[in-house]
Amino acid sequence: STGKSQKGSISCGPEALPSNSGAMAMERKALQLVTLNMKEKKVEVNEESLAVVEKNLKIVGAKKIAIVSVMGAFRGGKSFVLDLFLRKLRAERKASSGAEADTCVRPVVPERGGNDQFPLPAWLTEAGKTIEGASDKADEEGLEGFRFKGGMDHCTEGIWVWSEPFLRKIGGETVAVLLMDTQGAWDGNMTKEQSATIFGLTALISSKQIYNVSQQIQEDKVENLAYFMRFAQAALRQSTKATKGGSQENIDTPFQSLDFLVRDWTNFEDDWTMQQCKEQMGQHMDKHLNPARVVENSTAEALQSMFDRINCFCMPHPGLKITKAAWGGNVDDIDPDFVRFLDEYVHEVFTVGLKVKTILGTDMSATTFPLIFRTFVKAFQDAAPVAMSFNQAMTKATVLLAKEQALESYNKKMDESTLMNPRGMQEEAFKKLHRTLSDTVEEEYKNVTILGSDETRDDAWKSIQENLDSLYKRYFEENSHRLEKALVAFGNVALVALILFVLDRISDWTCDWWSQTCQDLSRVMFATYMALIAYIGFHMYKLVNERGRLATASAAAELWKEMMRLSSVYLELIQRAKWADAKVFAGKAIAQISALASGATAAGAGKAGKAETKKDK
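About the thresholds
- Residues numbered from 1 in each chain as written.
- Predicted model: local features only at pLDDT ≥ 70, side-chain atom pairs only at ≥ 80, totals over all residues.
- Heavy atoms only, no water.
- Helix = DSSP H or I, 4+ residues; strand = E, 2+ residues; numbered from the N terminus.
- Buried < 20%, exposed > 50% of the residue type's maximum accessible area, 1.4 Å probe, protein only.
- Contact = heavy atoms within 4.5 Å.
- Areas by Shrake-Rupley, 256 points an atom, 1.4 Å probe, with all protein chains shown as cover.
- Axes fitted to C-alpha atoms, helices over the stretch in contact; angles between N-to-C directions.
- Parallel < 35°, antiparallel > 145°, perpendicular 65-115°, else oblique.
- Nonpolar A, V, L, I, M, F, W, Y, C, P; charged D, E, K, R; others polar.
- Patch = residues over 30% accessible without salt bridge, like charges linked within 9 Å, V, L, I, M, F, W, Y side chains within 5 Å.
- Salt bridge = Lys/Arg side-chain N within 4 Å of Asp/Glu carboxyl O.
- Core = buried A, V, L, I, M, F, W, Y, C linked by side-chain atoms within 4.5 Å.
- Lys, Arg positive; Asp, Glu negative; His and termini not counted.
- Disulfide = S-S within 2.5 Å.
- Phe/Tyr/Trp six-rings, centres within 6.5 Å; stacked < 30°, edge-to-face > 60°.
- Lys NZ or Arg CZ within 6 Å of the ring centre and 35° of its normal.
- Pairing = 2+ DSSP bridges.
- Expected span 1.5 Å × (residues − 1).
- Left-handed = near helix turned anticlockwise from the far one by under 90°.

Enquirer: Describe the overall build of the chain, and please don't skip the residues or the numbers.
Expert: Assigned secondary structure in the chain consists of 17 helices and twelve strands. Within the chain, the proportion of its 617 residues that are buried is 46%. In the chain, the share of contacts with a sequence separation of at least 24, taken over all contacts with a separation of at least 6, comes to 79%. Accessible surface, the chain: about 31000 Å² in total, of which carbon and sulfur atoms supply 55%.

Here it is, written out as structure tokens:
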């Protein structure tokens, strides 16, 4: 298994696979996101399905997403593989929420080439022996999976996605992973252009694209991919002539990871180890995709330049029972050697080469995913790749991501500043902060890749500036409100001081002139409320020096309103109190105290009697 050097890594284990927040409220099933109308030659988005995915992404709360897609000729076993991916992800999620061992630590199994049979891994059997998508009545039986079956009829039409995102840690970030299934590309029912449309959409939207091929990587399979790659390259060259900003590497290598998954491979010897088998996989990929070894190397060069990482993995035949239309999905029917390679590959899919989905180097968030997905589908709505459509789609996608990144950066920096100034900032200081943050965001924007002319970039920045001005107005109003509420935090303190002052005045007229106790209490109350008044007065003095008398007077008025509000709240609580319960409690308490007092008196009398008797003796 070979490929380009991996930029970034993925961690796994219980701490890296957080449980999906609110997952119980999700509807778990395969949803058709894209419909390919063969008669009218149109590609359309299923808005209802896209809305479900968008909702579920909000439920899990991940900001970034990664998409693993499987494509290839029909009846090639794509949905079968995705069903097994589902089992793996579910098992890891369950392990992460319990006390099970680290899911990255794989159990010791017999090495290939020996006499011992490979056991069924726990992740494959944990949910039961029946693979969910094998049944035609999966929905009725409560089974959750991508539908597949043996025989000649293909089940997938268009592009499907599993509705439930799975959370993983990628590069230290919590990322929502989506699984995508596509209609069989380059099958007998689709033209070359329509197949390129399916491949183009999945390549644009996927973090890792798995190209499922039968028996070996053939020249026609590579040429099929190159058909789309060539027009994509031409469109990018056309777009990047006037592109400024961003990394040239991101423009030259716009797509992320491509796996060739070779099925029904027959060339592994029975006595080979897994390492020897992987060496053969690497040799097979070099034979077809290494520009230095391929005779007509323009196609190989195009693929190598367009993808950040290319990999190859070969798997033996799963067994004849699996190919029958009557197969019910029992995992015991799968050939043990296939299970061995399956376990190895499924582990690699989610631990090697999987990264956050990016568009020309900019991370795609869960928020922008629906917008960008619609944009890409619209670019291919005529079911044929057109350079101009691709150009426009990439331009719109990069603009959307640039806007989101700029606004997110401004929000983050402004929130940090306001947290450091909980009582607000002076108007001039706040305006200066806005100008500084806007300049910082503009500098960051200059380094973001946007396909298009200077006019496109300028228009995008004008739109960002308008959004920044709207955000500034909201933050400015919040800051003004904070300034007015600068003394509101002292509401309870001021209310206590006021109550103590009133009680002191009452004691002056009622009992200070005849009761020493009242006089002592009055002195304590006087000292307390004077200290509280001095404490509040010190902060008001600071406020006068910082913002002037008018702002301080406004803050004092807000403090008075807060005191009145607290007074009404406390009075309402007193009115709601159950005085009958209080009386019962007081009666019980008095009875207990009386009983203790009586006991103490009796004990004292007993001791006195004993002392008298001893004295007489």
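Read on, since the account is not over.
Enquirer: With reference to specific residues and values, describe unusual backbone geometry.
Expert: We note that Q215 has phi near 75°; this positive angle belongs to a residue other than glycine. Position of Q215 relative to the elements: it lies in the loop between β8 (208–214) and α5 (219–240). In this model, D264 sits at a positive phi of 55°, which is unusual for a non-glycine residue. Relative to the helices and strands, D264 is located in the loop between β9 (255–263) and α7 (274–289).

Enquirer: Which residues make up the packing of helix α14 (residues 491–510) against helix α16 (residues 549–576), and what values do they have?
Expert: At their nearest, the axes of α14 and α16 sit 9 Å apart, and the two run at 75° to each other. By the criterion of interaxial angle, the relationship of α14 to α16 is roughly perpendicular. Counted together, G491, N492, A494, L495 and L498 of α14 and L559, E562, M563, L566, S567 and Y570 of α16 form the full contact between these two elements. Looking at the contact of α14 with α16 residue by residue, the class counts come to seven nonpolar, three polar and one charged.

Enquirer: Account for a nonpolar patch on the surface, with residues named and values stated.
Expert: A grouping of L498, I499, F501, V502, L503, I506, W560 and M564 is seen on the molecular surface, where their side chains present a nonpolar patch of about 700 Å² in accessible area. Those elements that place two or more of their residues in the nonpolar patch are α14 and α16. With respect to the helices and strands, the residue F501 is situated in helix α14.

Enquirer: So what's going on with the nonpolar core? Which residues, and what values?
Expert: Counting 97 residues, the largest nonpolar core has F85, F350 and F369 as the members making the most contacts within it. A total of eight residues in this core trace back to one element, the largest contributor, which is helix α2 (residues 78–97). Formed by 20 residues, the second largest nonpolar core is a distinct cluster that contains A406, F430, L437 and L471.

Enquirer: Please set out the side chain of K208 residue by residue, giving values where relevant.
Expert: Within the secondary structure, K208 sits in strand β8. D259 provides the closest opposite charge to the buried, unpaired K208, separated from it by 4.1 Å. Not counting residues within four places of it along the chain, the set of residues in contact with K208 comprises I67, V68, S69, S257, D259, R309, E348, V349, V352, G353 and L354.

Enquirer: So what about the state of the cysteines? Which residues, and what values?
Expert: Here the structure, examined in full by the defined rule, presents one disulfide. Linked covalently through their sulfurs, C511 and C518 form a disulfide whose S-S length is 1.9 Å. What sets the handedness of the C511 and C518 disulfide is the S-S torsion sign, and at about -100° it is left-handed. Each of the two residues, C511 as well as C518, counts as buried. In this structure C277 is not part of a disulfide, and its nearest cysteine sulfur, from C314, lies 9.4 Å away. C312 supplies the cysteine sulfur nearest to C314, a cysteine that is in no disulfide, at a spacing of 4.0 Å. Take C314: its relative accessible area is 0%, and that puts it in the buried class.

Enquirer: Before we move on, can you summarise the packing of aromatic side chains with the specific residues and values?
Expert: Applying the stated criterion to the full structure yields 18 aromatic pairs. A centroid spacing of 6.3 Å and a plane angle of 25° characterise the contact between F80 and F338, whose relative ring orientation is stacked. Within this pair, whereas F80 is found in helix α2, its partner F338 is found in helix α9 (residues 336–349), the two being separated by 258 residues in sequence. Classification of F338 as buried rests on a relative accessible area of 0%. Ring centres of F490 and Y535 lie 5.6 Å apart, and the angle between their planes is 80°; on these two criteria the pair is classed as edge-to-face. With a gap of 45 residues between them, F490 in the loop between α13 (454–484) and α14 and Y535 in helix α15 (residues 516–547) connect regions that are remote in the sequence. Take F490: its relative accessible area is 10%, and that puts it in the buried class. These aromatic residues form a ring-pair network of at least three members: F85, W265, F268, F313, F341, Y345 and F350. The lysine or arginine in question, R457, covers the ring of Y445, its NZ or CZ lying 5.2 Å from the ring centre. In this arrangement the basic side chain of R474 is found over the ring face of Y475, its NZ or CZ atom lying 4.6 Å from the centre.

Enquirer: Give a description of the pairing of β8 that names residues and reports values.
Expert: Across the seven residues of β8, six count as buried, placing the element largely inside the fold. With five bridges joining them, strand β4 (residues 64–72) and β8 adopt parallel strand pairing. By the bridge assignment for β8, V68 is matched with K208.

Enquirer: For α7, give the residues involved together with the corresponding values.
Expert: Between its first and last C-alpha, α7 extends 22 Å over 16 residues, near the 22 Å set by a 1.5 Å rise per residue. Within α7, burial applies to M274, C277, K278, Q280, M281, G282, H284, M285, H288 and L289.

Enquirer: Any chance you could break down the pattern of salt bridges for me, citing the residues and the numbers?
Expert: When the charged atoms of two side chains with opposite charge come close together, those side chains can pair. All chains considered together, the criterion is met by 18 salt bridges. Between E47 and R374 there is a salt bridge, with its nearest N and O atoms 3.1 Å apart. You can see E47 sitting in helix α1 (residues 47–60) and its partner R374 sitting in helix α10 (residues 369–379), a full 327 residues away along the chain. For R374, a relative accessible area of 28% puts it in the partly exposed group. The salt bridge partner of E443 is K446, with a shortest N-O separation of 3.4 Å. Within this pair, E443 and its partner K446 are both found in helix α12 (residues 427–446), separated by three residues, close to a single helical turn. E443 gets classed as partly exposed once you look at its relative accessible area, which sits at 45%. Connected through shared salt-bridge partners, K64, E173 and D363 make up one network.

Enquirer: If you had to explain the packing of α7 against α9 to someone new, which residues and values would you point to?
Expert: Two elements in contact, α7 and α9, have axes whose closest approach is 12 Å; the angle formed by their N-to-C orientations is 65°. Looking at the two axes, α7 sits roughly perpendicular to α9. α9 is crossed by α7, and the crossing has right-handed handedness. Contacts from M274, C277, K278 and M281 of α7 reach α9 at R340, F341, E344 and E348. Residues belonging to the contact of α7 with α9 are distributed by class as follows: four nonpolar, no polar and four charged.

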